[in-house]
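Remarks on the overall topology
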Amino acid sequence: FVGPSVGEELTWDGVKALAVTIAGIMLYLALRFEWKFSVAGIVANLHDVVIILGFFAYFQWEFSLAVLAAVLAVLGYSVNESVVIFDRVREKFRERAAKGMLAAQVLDHAITSTISRTIITHGSTQMMVLSILFFGGASLYYFALALTIGICFGIYSSVLVASPLVMWLGVDRSQFVRPQKKDRGKDEHE
């Protein structure tokens, strides 16, 4: 039994943990890529959190510290998938061969080249989480349930929420490729 004062303290501690996690993810993405990726990544990750919390609220399932831990784990797991796609986008923008490609084509290439990895990674993780859900007992049931929901929607949000948001925010090649300096010696002789 958790009393109301302890429950309120746990709620605020959970909100603080969620806020610190979100701030850390945004800072990491902004430093590693740029602010547009940070905004897109965090909106996609918050999408996962809202979906999980929506399921728990709608079905009146018990929300505990274990479920909060699952939500935080889903945040980390989902941001990893977004980073893989964002990294492929940055890599493609830096290639000389992709010089004429539009942002939509680059994002499409990034998603297409990582989708099999995404399905394999999420599928194998989902098998493990489902085994906890079915055989882990009552104490791990809601933890595994939150992870199951989060993993399913994590694929969706990383591919179909984060990437279009990056495009909508206006990512382009110039943000990743430094302009080349002209060689003065060649200009003087021509």
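Located above this text is the structure these notes cover.
Residues numbered from 1 in each chain as written. Predicted model: local features only at pLDDT ≥ 70, side-chain atom pairs only at ≥ 80, totals over all residues. Heavy atoms only, no water.

Attention shifts here to the side chain of Arg90. By secondary structure assignment, the location of Arg90 is in helix α3 (residues 65–94). Residues contacting Arg90, with those up to four places away along its chain left out, are Arg32, Phe33 and Phe176. (Helix = DSSP H or I, 4+ residues; strand = E, 2+ residues; numbered from the N terminus. Contact = heavy atoms within 4.5 Å.)

Attention now goes to the nonpolar core. Across soluble globular proteins, nonpolar side chains have a tendency to be buried as a group. One finds Leu29, Phe37, Ile52, Phe86, Val89 and Phe93 to be the most contacted residues of the largest nonpolar core, which totals 41 residues. Where this core is concerned, the elements lending two or more residues are α1 (4–32), α2 (35–58), α3, α4 (103–135) and α5 (138–168). In terms of residue count, the dominant contributor to this core is α3 (11 residues). (Core = buried A, V, L, I, M, F, W, Y, C linked by side-chain atoms within 4.5 Å. Buried < 20%, exposed > 50% of the residue type's maximum accessible area, 1.4 Å probe, protein only.)

Right, let's get into the packing of aromatic side chains. For the coordinates displayed, the defined rule picks out 12 aromatic pairs. Measuring from centroid to centroid gives 5.9 Å for Phe33 and Phe86, while their planes differ by 80°, and the two rings are edge-to-face. A residue pair is termed long-range when its members are at least 10 positions apart, and Phe33 in the loop between α1 and α2 and Phe86 in helix α3 qualify at 53 residues. Each member of the pair, Phe33 as well as Phe86, carries the same accessibility label: buried. Arranged with centres 5.2 Å apart and planes meeting at 80°, the rings of Tyr141 and Tyr142 form a pair that is edge-to-face. (Phe/Tyr/Trp six-rings, centres within 6.5 Å; stacked < 30°, edge-to-face > 60°.)

In this structure, Ser82 sits in helix α3. Under the relative-accessibility criterion, Ser82 is labelled buried at 1%. Taking the C-alpha atoms as reference points, Ser82 and Ser38, separated by 44 residues in sequence, lie 10.0 Å from one another. Not counting residues within four places of it along the chain, the set of residues in contact with Ser82 comprises Ser158 and Ala162. A polar side-chain atom of Ser82 sits 3.5 Å from a polar atom in the side chain of Ser158. (Polar contact = N/O pair within 3.5 Å; in protein donor to acceptor, adjacent residues only side chain to side chain.)

Remember that the coordinates give geometry; whether it matters functionally is a separate question.
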